[in-house]
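# Descriptive structure summary
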Amino acid sequence: MAQRCFPEAWMARALTLARRGRYTTDPNPCVGCVLVKDDRVVGEGWHERAGEPHAEIHALRAAGGRARGATAYVTLEPCSHQGRTGPCALALVEAGVARVVVAMQDPNPRVAGQGIARLREAGVEVAVGVLEEQALALNPGFVMRMSHGRPFVRLKMAMSLDGRTAMRSGESQWITGPQARREVQRLRARSSAILTGVETIIFDNARLTVRPEQLELPAGEALTTRQPLRVVVDSRLRLPLAAACLRELGRTLVVTLKGHDPERCERLQAAGAEVVAMPAGANGRIDLDALLRHLAAAEQANEVLLETGATLAGAMLAAGLIDEMQLFVAPTLLGGEARPLFALPGLTLMAQKKGLDIHDIRAVGQDWRITARPRQGSKER
């Protein structure tokens, strides 16, 4: 006899399936689908790669004729438009699915409730909002890009117990251990782009690539061959022509100010970089908000991993452009002469301190990982 499950249990299974695509679906969202009939799973699937069938199609193919009269549990509203694949809402109707349970409405303006409406017009019962919070957390970058026109920015930093990220000379390898570095590789693998400042390249000759041999992915999860876009903020075009990142697979985008040295731009392009000029902000430096919006519009960037030094990290934090922090803390001390986590000039009073909300703290090998979010527009509590 089949064991009866609540809708939340089936949706939790769909969310688990969806997570299998977190390293392969970019720029699409991760989506999972479970088809249930008479309290038994008759088909399930997840979106595996952009341009390939969506989760609903995989589940319908697995179910075959058993899909008729079934309930579909989908982590994201079925699409209603013709893109590189056909509309999933229509496929569910044609398969005879009786009910569709949706975790969250699609924030994509091309869908945005139209898939739900199409199902209801066809006589399919639809429920929305089951495990919605978990579904939103699954695709923070896609939701941010569709809702606000910019990527979700996740800051990664490794620091000593006394809050230092590098020695005074700039030397920083390695503060944390191999387990923490594996987690950083996973953060890179799920990101559309890795954003850094030119000084990080100058001091570390950072490659900013995903190294598959370091990932140790969970069972059932695949890795795309795509390397994240490397984005170097370089207002004075100081990037060395021999930088390692210019010789790696994938693209390196050098972001500079409009009107900068055209000859230097040509030399960087000849060395393998792509150069894009951005307007200056109020401080005369690159407008970081404009840069993020460019990455969302021109590159379809959902999640941007910020791996940089104190200056750019401080500027992004001060501008309210960091959505999440992943801080890896090593049980070491680097001393007062070493480089700090953030450069935040102008903070002279305790009332000006920046507040963080801690969401998670856990051990990673000999180190600790703190997941935090800045308190945007609010004072320290």
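Everything numeric in this text was worked out from a predicted model, so none of it was measured.

This part is about the UniProt feature "active site" (unreviewed entry) in the protein. In this numbering, the UniProt entry assigns the feature "active site" (unreviewed entry) to Glu-56. Inspection of the secondary structure puts Glu-56 in helix H2 (residues 55-63). If near-sequence neighbours (up to four positions away) are discounted, Glu-56 is found in contact with Cys-33, Val-74, Leu-76, Pro-78, Cys-88 and Leu-92.

Tracing the backbone shows Gly-69 in the loop between H2 and strand S3 (71-74). Each C-alpha atom of the pair Gly-69 and Val-124 lies 9.9 Å from the other, and the pair is 55 residues apart in sequence. Apart from the residues lying within four places of it in its own chain, the contact partners of Gly-69 are Gly-96, Val-97 and Ala-98.

Feature annotation in UniProt assigns "binding site: substrate" (unreviewed entry) to the following positions: Ser-172, Arg-188, Leu-208, Arg-211 and Glu-307. Among the structural elements, Arg-211 can be located in the loop between helix H8 (198-204) and strand S9 (229-233). Given a relative accessible area of 15%, Arg-211 falls into the buried group. Apart from the residues lying within four places of it in its own chain, the contact partners of Arg-211 are Gln-185 and Arg-188.

This part is about the pattern of salt bridges. On inspection of all chains with the given rule, the structure shows 20 salt bridges. Here Asp-360 ties to Arg-362 by a salt bridge, and the two come within 2.7 Å at their closest N and O atoms. By relative accessible area, which is 42% here, Arg-362 ends up partly exposed.

Attention shifts here to unusual backbone geometry. Pro-27 follows Asp-26 through a cis peptide bond whose omega is 10°. If you check the backbone angles, Leu-131 has positive phi at about 55° while not being a glycine. Mapped onto the fold, Leu-131 is located in the loop between strand S5 (125-128) and helix H5 (132-138). A positive phi angle, close to 55°, is found at Leu-208, a residue other than glycine. Along the chain, the position of Leu-208 falls in the loop between H8 and S9. The buried category is assigned to Leu-208, whose relative accessible area is 3%.

Moving on: the sheet that holds strand S2 (residues 40-46). The strand order across the open sheet formed by five strands is S2-S1-S3-S4-S5, and the pairing between neighbours is mixed. The strands lining the two open edges of the sheet, one partner per strand, are S2 and S5. The mean inter-strand angle of the sheet, taken between neighbouring strand axes irrespective of direction, is 15°. Relative to S5, strand S4 (residues 99-102) is paired through four bridges, and the arrangement is parallel.

Looking now at the side chain of Arg-186. If you trace the backbone, Arg-186 turns up in helix H7 (residues 178-190). In this structure Arg-186 comes out as buried when scored by relative accessible area, which is 17%. Here Leu-215 takes part through its backbone oxygen, which lies 3.1 Å from a polar atom of the side chain of Arg-186. With residues up to four places along the chain from it excluded, the contact list for Arg-186 reads Tyr-23, Leu-215, Glu-216, Leu-217 and Pro-218.

Rules and cut-offs
Residues numbered from 1 in each chain as written. Predicted model: local features only at pLDDT ≥ 70, side-chain atom pairs only at ≥ 80, totals over all residues. Heavy atoms only, no water. UniProt positions renumbered as here; feature names shortened; annotations may be inferred. Helix = DSSP H or I, 4+ residues; strand = E, 2+ residues; numbered from the N terminus. Contact = heavy atoms within 4.5 Å. Buried < 20%, exposed > 50% of the residue type's maximum accessible area, 1.4 Å probe, protein only. Salt bridge = Lys/Arg side-chain N within 4 Å of Asp/Glu carboxyl O. Pairing = 2+ DSSP bridges. Axes fitted to C-alpha atoms, helices over the stretch in contact; angles between N-to-C directions. Polar contact = N/O pair within 3.5 Å; in protein donor to acceptor, adjacent residues only side chain to side chain.

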